[in-house]
Each structure stands twice: as structure tokens, then as C-alpha cells.
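# Survey of secondary and tertiary structure
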Amino acid sequence: MTDVRYEIDRLDRLLVEIIAERTTYIKAASRIKPDRDMVVDHPRIEDVVSKVLAHAPQHNLPKEIAEPVWRLLIERSIAYEFEAYDALKASDIDS
Ligand SMILES: C=C(O[C@@H]1C=C(C(=O)O)C=C[C@H]1O)C(=O)O
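Residues numbered from 1 in each chain as written. Predicted model: local features only at pLDDT ≥ 70, side-chain atom pairs only at ≥ 80, totals over all residues. Heavy atoms only, no water.

- Labelled according to an unreviewed UniProt entry, the protein appears under the name chorismate mutase, originating from Hirschia litorea.

### Brief notes about the layout of surface pockets
- Reported here for the largest pocket is a volume of approximately 440 Å³.
- Considering the residues around the largest pocket, the lining is formed by 14 residues, among which L15, I18, L61, V69 and W70 are closest to the centre.
- For the lining of the largest pocket, the element with the most residues is helix α3 (residues 63-94), which contributes five residues.
- Split by residue class, the lining of the largest pocket holds 11 nonpolar, two polar and one charged.
- Contributing to the lining of the second largest pocket are 15 residues, with I26, K33, R44, V48 and E81 lying nearest its centre.
- Listed by contribution, the elements that provide at least two residues to the lining of the second largest pocket are α1 (2-32), α2 (42-55) and α3.
- Residues of the lining of the second largest pocket, tallied by class, amount to nine nonpolar, one polar and five charged. (1 Å grid on protein atoms, 1.4 Å probe; cavity = no way out; pocket = protein on both sides within 12 Å on 5 of 7 lines; lining within 4 Å. Points joined across faces, edges and corners; volume = space filled by probe spheres on them. Helix = DSSP H or I, 4+ residues; strand = E, 2+ residues; numbered from the N terminus. Nonpolar A, V, L, I, M, F, W, Y, C, P; charged D, E, K, R; others polar.)

### Concerning the site of the ligand
- Of all residues adjacent to the ligand, which total 14 residues, the nearest are R22, K33, V39, D41 and E81.
- A distance of 2.8 Å separates an oxygen atom of the ligand from a polar atom in the side chain of E81.
- Look at the ligand: alone it shows 370 Å² of surface, and the protein chains cover 88% of it.
- With respect to the pocket detection grid, the ligand is positioned in the second largest pocket.
- Breaking the shell around the ligand down by element, the ones donating at least two residues are α1, α2 and α3. (Near = heavy atom within 4 Å. Polar contact = N/O pair within 3.5 Å; in protein donor to acceptor, adjacent residues only side chain to side chain. Areas by Shrake-Rupley, 256 points an atom, 1.4 Å probe, with all protein chains shown as cover. Sits in = over half its atoms within 2 Å of the grid points.)

### Digging into a nonpolar patch on the surface
- Together, M1, V4 and I8 make up a nonpolar patch on the protein surface, roughly 300 Å² of accessible area in all.
- Exposure remark for V4: the relative accessible area of 44% places this residue in the partly exposed category. (Patch = residues over 30% accessible without salt bridge, like charges linked within 9 Å, V, L, I, M, F, W, Y side chains within 5 Å. Salt bridge = Lys/Arg side-chain N within 4 Å of Asp/Glu carboxyl O. Buried < 20%, exposed > 50% of the residue type's maximum accessible area, 1.4 Å probe, protein only.)

### Notes on the pattern of salt bridges
- What the rule picks out here adds up to nine salt bridges.
- With a shortest N-O distance of 2.7 Å, D86 and R36 are connected by a salt bridge. Taken together, the positions of D86 in helix α3 and R36 in the loop between α1 and α2 put the pair 50 residues apart, joining distant regions of the chain.
- A relative accessible area of 32% places D86 in the partly exposed class.
- The residue R76 makes a salt bridge to E75 at a minimum N-O spacing of 4.0 Å.
- On the basis of relative accessibility, which here comes to 51%, the residue R76 falls in the exposed class.
- What you see here is one network of salt bridges that share partners, running through E46, K63, E67 and R71.

Laid out in C-alpha cells, this is it:
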């Protein structure tokens, strides 16, 4: 069990790094989108989820894990993107 948990902890550190890198692109999207109502793009959300679900079986990742994990990741990414978008607009107004 110690060995298994060692590997889980190792992979969690990698996941943190990968999700952090993904999040830098969420911030980039907040800078690129010209309108606040473009932050939530439903067709793109479904595109992201369908690509993940197409890729998951090749790595034996159950859909029951992949789909809710990605939907939550996208939901929290959108909340972060709104915060970044609003902070950017507020700093534009201040300057
Ligand atoms: C990053 C984007 O913004 C949002 C975040 C997404 C994501 O986390 O993958 C997908 C769609 C968007 O609503 C985007 O539009 O691509």
C-alpha cells in the first residue's frame, strides 16, 4: 500500500503541474475574448468533453471518472476566467 500511495502522490504532483499550465491558457483566453458573454462557450465545452471521452479509452480511463472530472475542471476554469476577465477590465478602467 505504501508503494501504491507513493505513486498516487507522485502523479498528483504531475497533475498539479499540468492543471496549472492549462490554467495559464484559461487566463490567456480571458485576455483574448473581447466580450464578457464570450467567456462561456457551450459548443467549445462539449468539444473539449467529447475529445477527452474519445481519448480516455485508449488509456483505460473510465468515462465515469473522465466526464465528471473534466466538467468540473471546465466549470472551475470558467469561474477563474470570469475573475481574470473582470480584474483585467477593472485595471483598464483604473489606468
Ligand atoms: C478557455 C475557454 O473558455 C472556457 C473554458 C473552457 C475550458 O476550460 O476548456 C472551455 C470553454 C469556455 O467556456 C475557451 O473558450 O476555449
